[in-house]
Amino acid sequence: MIPYGRQDITQDDLDAVRDVLTSDFLTQGPRVPEFERVVATAVQAAHGVAANSATSALHAACMALGLGPGDWLWTVPNTFVASANVGIYCGAQVDFVDIDPDSFNMCPDALGTKLKQAEETGTLPKVLIPVHMTGQSADMERIGALAKRYGVRVIEDASHAIGAHFAGAPVGRCDHSDITVFSFHPVKIVTTAEGGVAVTQDAELAARMKRAVSHGITRDPDLMTHASDGPWYYQQIELGYNYRMTEVQAALGISQMQRLGRYVDCRAAHARAYDAALADIPVDLPQQDPRSRSSWHLYVIRLRLEQIGMTHREVFEALRAAGLGVNLHYIPVHTQPFWRQFGFAQGDFPNAESYYARAISIPLFATMTDAQREEVVSTLKATLT
Ligand SMILES: *Cc1c(COP(=O)(O)O)cnc(C)c1O
């Protein structure tokens, strides 16, 4: 089976992890802040806050922006459930903005219309989470401008997009957002086994996220309600969680980050080869905004089912049976049983639903060989034509 994604663990990674395991610190030591600096520097952000997952980092980001009961969070329906769940964690209400059918990203026109309506009804969101689907940045110029006009804070869910660029800037520089979150789950571009990092240019937001991931505790005397009792002293000044990354994860991440550029280049080269090799089969290939340089987390084809004469599910099962570890990203979140309790129904977000009805993620990972890619191409051709 050729998987749709696969991590790459080298001898350097193994050495880095072994070094931590035989050192004095397994949790809070020098590597976590070093990893935070490595990630922040790579994306030209001033601050990085590591967490034990991107989900935790997204939650901490929402907390830092003050999201709470009575507030709304908006995201897209075609994402992993975590992008929406974090709103519920904060006690907020969640709604969705439909996607653009070509980029699979939040549609700025749909966002503009929805913001205008929400302003009239007094239900503007506090936080907006666009997702950089497949590694291609959403149109942050337009989304950021709309957010600014309506006073909405923005968290970029860049779980797919470390190493990507938009309009000449690395995703994570937060030119049009408050915070950007990256995931280091093994299926993503770079891994720490489980892990996430939130980056920002804002020192105050970084400090709040730091407290959110560590019990609401501070050691900063300026934030304490009274003078320190002594060198051991810390204060819990709000409610936080134990969302910290370990030294083991950070060491793996530091080692992996050295190969970020190479990984993205390999993925992009495979994507270009797919573009050429799959041009004549009955599928729609992923469209790229000319301002975007994707990190190519996923390569998603959309089946032209009427031409193929098979159902989506039949194609999916045939590809799996033929040895391709294809996958489907994502089941529209608003159609999940949990979300129906909030009144969402089939038909609410037609672009995300039509995407789901014919999308398939085909194998793409940095260490995929040309022979593996050619096998993917020939299997697709044999199945679909
Ligand atoms: C993977 C992913 C997440 C969650 O990341 P974890 O690190 O697994 O918590 C959130 N959003 C999107 C879009 C993802 O792909």
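Residues numbered from 1 in each chain as written. Predicted model: local features only at pLDDT ≥ 70, side-chain atom pairs only at ≥ 80, totals over all residues. Heavy atoms only, no water.

If you had to explain the overall build of the protein to someone new, which residues and values would you point to?
Looking only at helices and strands, the protein features 14 helices and 17 strands. Oriented by its inertia axes, the alpha-carbon framework of the protein measures out at about 75 × 60 × 40 Å. Counting every position in the protein, which comprises 385 residues, the buried fraction comes to 55%. Expressed as a percentage of contacts within the protein between residues at least 6 apart in sequence, the contacts between residues at least 24 apart total 71%. Per element, the accessible surface of the protein, about 16200 Å² overall, is 51% carbon and sulfur. For the protein, the centre of its 32 positive side-chain charges and the centre of its 43 negative side-chain charges are spaced 1 Å apart. (Helix = DSSP H or I, 4+ residues; strand = E, 2+ residues; numbered from the N terminus. Buried < 20%, exposed > 50% of the residue type's maximum accessible area, 1.4 Å probe, protein only. Contact = heavy atoms within 4.5 Å. Areas by Shrake-Rupley, 256 points an atom, 1.4 Å probe, with all protein chains shown as cover. Lys, Arg positive; Asp, Glu negative; His and termini not counted. Charge placed at Lys NZ, Arg CZ, Asp CG, Glu CD.)

Please provide a residue-by-residue account of the sheet that holds strand E13 (residues 283-284), values included.
What holds strands together in a sheet is hydrogen bonding between their backbones, with the strands either parallel or antiparallel. Pairing in this open sheet of three strands is antiparallel, and the strands run E13-E15-E17 from one edge to the other. Across the chains shown, the open sheet's two edge strands, defined by having one partner strand only, are E13 and strand E17 (359-362). Here strand E15 (residues 299-303) runs beside E17; their pairing, made up of four bridges, is antiparallel. Note on E17: the bridge partner recorded for valine 300 is serine 361. The strands that helix H11 (residues 312-321) touches are E15 and E17; relative to E17, the one it contacts most, it runs at about 15 degrees. (Pairing = 2+ DSSP bridges. Axes fitted to C-alpha atoms, helices over the stretch in contact; angles between N-to-C directions.)

Outline unusual backbone geometry, listing residues and values.
Geometrically, the link from histidine 329 to tyrosine 330 is a cis peptide bond, its omega value of 5 degrees lying close to zero. Tracing the sequence through the fold places tyrosine 330 in the loop between strand E16 (324-325) and helix H12 (337-340). With phi around 70 degrees, threonine 134 is a residue other than glycine that occupies positive phi space. Along the chain, the position of threonine 134 falls in the loop between strand E5 (127-129) and helix H6 (140-150). We note that tryptophan 296 has phi near 50 degrees; this positive angle belongs to a residue other than glycine. With respect to the helices and strands, the residue tryptophan 296 is situated in the loop between strand E14 (292-293) and E15. A relative accessible area of 7% means that tryptophan 296 is categorised as buried.

Please provide a residue-by-residue account of the site of the ligand, values included.
Residues in close proximity to the ligand total 15 residues, the closest being Thr55, Asp157, His160, Ser183 and Lys188. In the model, an oxygen atom of the ligand is placed 2.9 Å from a nitrogen or oxygen of the alanine 54 main chain. Within the side chain of tyrosine 330, an N or O atom sits 3.0 Å from an oxygen atom of the ligand. Protein coverage of the free-state accessible area of the ligand, which is 380 Å², stands at 94%. Split by residue class, the shell around the ligand holds four nonpolar, nine polar and two charged. (Near = heavy atom within 4 Å. Polar contact = N/O pair within 3.5 Å; in protein donor to acceptor, adjacent residues only side chain to side chain. Nonpolar A, V, L, I, M, F, W, Y, C, P; charged D, E, K, R; others polar.)

Account for the pattern of salt bridges, with residues named and values stated.
Should their charged atoms come close, side chains of opposite charge can pair. Counting across every chain of the model gives 19 salt bridges. Residue glutamate 36 is joined to lysine 210 by a salt bridge in which the shortest nitrogen-to-oxygen separation is 3.0 Å. With a gap of 174 residues between them, glutamate 36 in helix H2 (residues 31-42) and lysine 210 in helix H7 (residues 203-212) connect regions that are remote in the sequence. Note on glutamate 36: relative accessible area 8%, which makes it buried. Residue lysine 210 is classed as partly exposed on the basis of its relative accessible area, which comes to 40%. In this structure, glutamate 238 engages arginine 211 in a salt bridge whose closest nitrogen and oxygen atoms are separated by 2.8 Å. In this pair, glutamate 238 sits in the loop between strand E12 (235-236) and helix H8 (247-257) while arginine 211 sits in helix H7, placing the two residues 27 residues apart along the sequence. Take glutamate 238: its relative accessible area is 33%, and that puts it in the partly exposed class. Residue classification places arginine 211 among the buried residues on the basis of a relative accessible area of 8%. A single salt-bridge network, built from bridges that share partners, covers Asp139, Glu141, Asp289 and Arg291. (Salt bridge = Lys/Arg side-chain N within 4 Å of Asp/Glu carboxyl O.)

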